[in-house]
Amino acid sequence: MSCILNIETSTSVCSVALSANGEVLFEKASFEGPSHAALLGVFVEEALSVLKEGGGKLDAVAVSSGPGSYTGLRIGVSVAKGLCFGFGIPLIGIHTLDIMAATAIKQNRTATDCLYCAMLDARRMEVYAAIYDASLKLVRETTADIVEAETYASYLEKGKVCFFGNGAEKCKPVITSPNALFMEDIHPWAVNMIPLVEEAFAAGKFEDTAYFEPFYLKEFQATVAKNKVLGN
């Protein structure tokens, strides 16, 4: 039996979920803004209380590995590492855009001929994005994009593409292809990490807890600046 605590703090949403063999034992999320420092510890304590009451034992901690907010990820990863060291259990890192894509695909499960573009907002018309097929297979690696009319044209020319995440809304006026679809309210919640985390746990895909670092959006901004200089 795998009992895993899932932590997601990459955006303004703070969420925690406790799962056992893929089943949700506890979940809590706040959409009140960037208040992770105040809320995450409380959510984790409540989850561990549920675990203790049920006589369970924590087998691993999973955390969103970014890209995402520097402050949010730093808080989430710090808490996750502390728990792993304290309990002597492994750490699992799950890519933020994978979580979002899995959520979108689950909600839109009838659209098997559609690609899915997960977007995290950076600044201006800049996003961090990755593209997946309907089976969650990566079609295009995570890339720092400046969104223009032609940015995703090669994919839109071939068929429908669903855009979602907190970077998608500002792209609507720019991405005007009839094949462009926009999904709302797709967030990287901890509860939506569970299937991905279970798969990683079963495969023994653990992070080196001491050296694990998430991917921050500030690194994205450096990539964008470099691409501008190089003319990419």
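Residues numbered from 1 in each chain as written. Predicted model: local features only at pLDDT ≥ 70, side-chain atom pairs only at ≥ 80, totals over all residues. Heavy atoms only, no water.

### Digging into the packing of helix 1 (residues 36–53) against helix 2 (residues 70–87)
Where helix 1 contacts helix 2, the axes come no closer than 10 Å and their chain directions differ by 35 degrees. The two elements helix 1 and helix 2 meet at a crossing, and its hand is right-handed. Contact with helix 1, carried on its side by His36, Ala37, Leu40, Val44 and Leu48, involves Gly72, Ile75, Gly76, Val79, Leu83 and Phe87 of helix 2 and no other residues of that element. Within the contact of helix 1 with helix 2, the residues separate by chemical class into 8 nonpolar, 3 polar and no charged. (Axes fitted to C-alpha atoms, helices over the stretch in contact; angles between N-to-C directions. Helix = DSSP H or I, 4+ residues; strand = E, 2+ residues; numbered from the N terminus. Left-handed = near helix turned anticlockwise from the far one by under 90°. Contact = heavy atoms within 4.5 Å. Nonpolar A, V, L, I, M, F, W, Y, C, P; charged D, E, K, R; others polar.)

### Remarks on the pattern of salt bridges
Oppositely charged side chains are able to pair whenever their charged atoms sit close together. Here the structure, examined in full by the defined rule, presents 6 salt bridges. For the salt bridge of Asp59 with Lys57, the shortest nitrogen-to-oxygen distance reads 3.0 Å. Residue classification places Asp59 among the buried positions, given a relative accessible area of 16%. Three or more residues are tied together by salt bridges with common partners; here these are Glu169, Lys172 and Glu184. (Salt bridge = Lys/Arg side-chain N within 4 Å of Asp/Glu carboxyl O. Buried < 20%, exposed > 50% of the residue type's maximum accessible area, 1.4 Å probe, protein only.)

### Description of the pairing of strand 5 (residues 91–94)
Summarising the sheet, strand 4 (residues 60–64) and strand 5 pair through 4 bridges and their orientation is parallel. Residue Val63 lies in a different strand from strand 5, and its bridge partner there is Gly93. Considered for its hand, the β-α-β crossover made up of strand 4, helix 2 and strand 5 is right-handed. (Pairing = 2+ DSSP bridges. Right-handed = clockwise from strand over helix to strand, strands pointing away.)

### Examining the pairing of strand 4
Judged by how many residues are buried, strand 4 sits mostly within the fold: 5 of 5 residues are covered. Of the two faces of strand 4, the one carrying Ala60, Ala62 and Ser64 and the one carrying Val61 and Val63 are both buried.

### Concerning the side chain of Ser10
Of note, Ser10 is situated in the loop between strand 1 (3–8) and strand 2 (14–20). For Ser10, the side chain forms a polar contact with the side chain of Glu8, separated by 2.7 Å. (Polar contact = N/O pair within 3.5 Å; in protein donor to acceptor, adjacent residues only side chain to side chain.)

### A few points about the environment of Ala144
Tracing the sequence through the fold places Ala144 in strand 8 (residues 138–146). Each C-alpha atom, one on Ala144 and one on Ser65, is 16 Å from the other, the two residues being 79 residues apart in sequence.

### What to know about the side chain of Thr11
Within the secondary structure, Thr11 sits in the loop between strand 1 and strand 2. The buried category is assigned to Thr11, whose relative accessible area is 9%. Apart from residues no more than four positions distant in its own chain, Thr11 is found in contact with His36, Leu120, Asn166 and Pro188.

### Some points on the packing of aromatic side chains
This model, assessed by the stated rule, comprises 6 aromatic pairs. With 5.4 Å between their ring centres and 55 degrees between their planes, Tyr128 and Phe215 make a pair best called tilted. One end of the pair, Tyr128, is in strand 7 (residues 126–132); the other, Phe215, is in the loop between helix 5 (194–203) and helix 6 (217–230), and 87 residues separate them in sequence. (Phe/Tyr/Trp six-rings, centres within 6.5 Å; stacked < 30°, edge-to-face > 60°.)

### Description of helix 5
Within the sequence span of helix 5, burial applies to Ile194, Leu196, Val197, Glu198 and Ala200. After helix 5 finishes, the residue Gly204 shows a positive phi value of roughly 70 degrees.

### Let's talk about the sheet that holds strand 1
Ordered by their spatial adjacency, 5 strands build an open sheet running 3-2-1-4-5, and the pairing between neighbours is mixed. Lying at the two open borders of the sheet, with one neighbouring strand each, are strand 3 (23–30) and strand 5. Adjacent strand axes in the sheet meet at a mean angle of 15 degrees, parallel and antiparallel pairs treated alike. In the sheet, strand 2 pairs with strand 3 via 7 bridges, with the strands oriented antiparallel.

### Considering the sheet that holds strand 7
Pairing in this open sheet of 5 strands is mixed, and the strands run 8-7-6-9-10 from one edge to the other. Two strands bound the open sheet, and with one partner strand each, they are strand 8 and strand 10 (180–182). Sheet twist, expressed as the average angle between the axes of neighbouring strands with direction ignored, equals 20 degrees. Relative to strand 9 (residues 161–164), strand 6 (residues 115–121) runs parallel, the two sharing 4 bridges. The residue of strand 9 that forms the bridge with Leu115 is Val161. Each of strand 6, strand 7, strand 8 and strand 9 touches helix 3 (residues 96–107); the most contacted strand, strand 6, lies at about 135 degrees to it.

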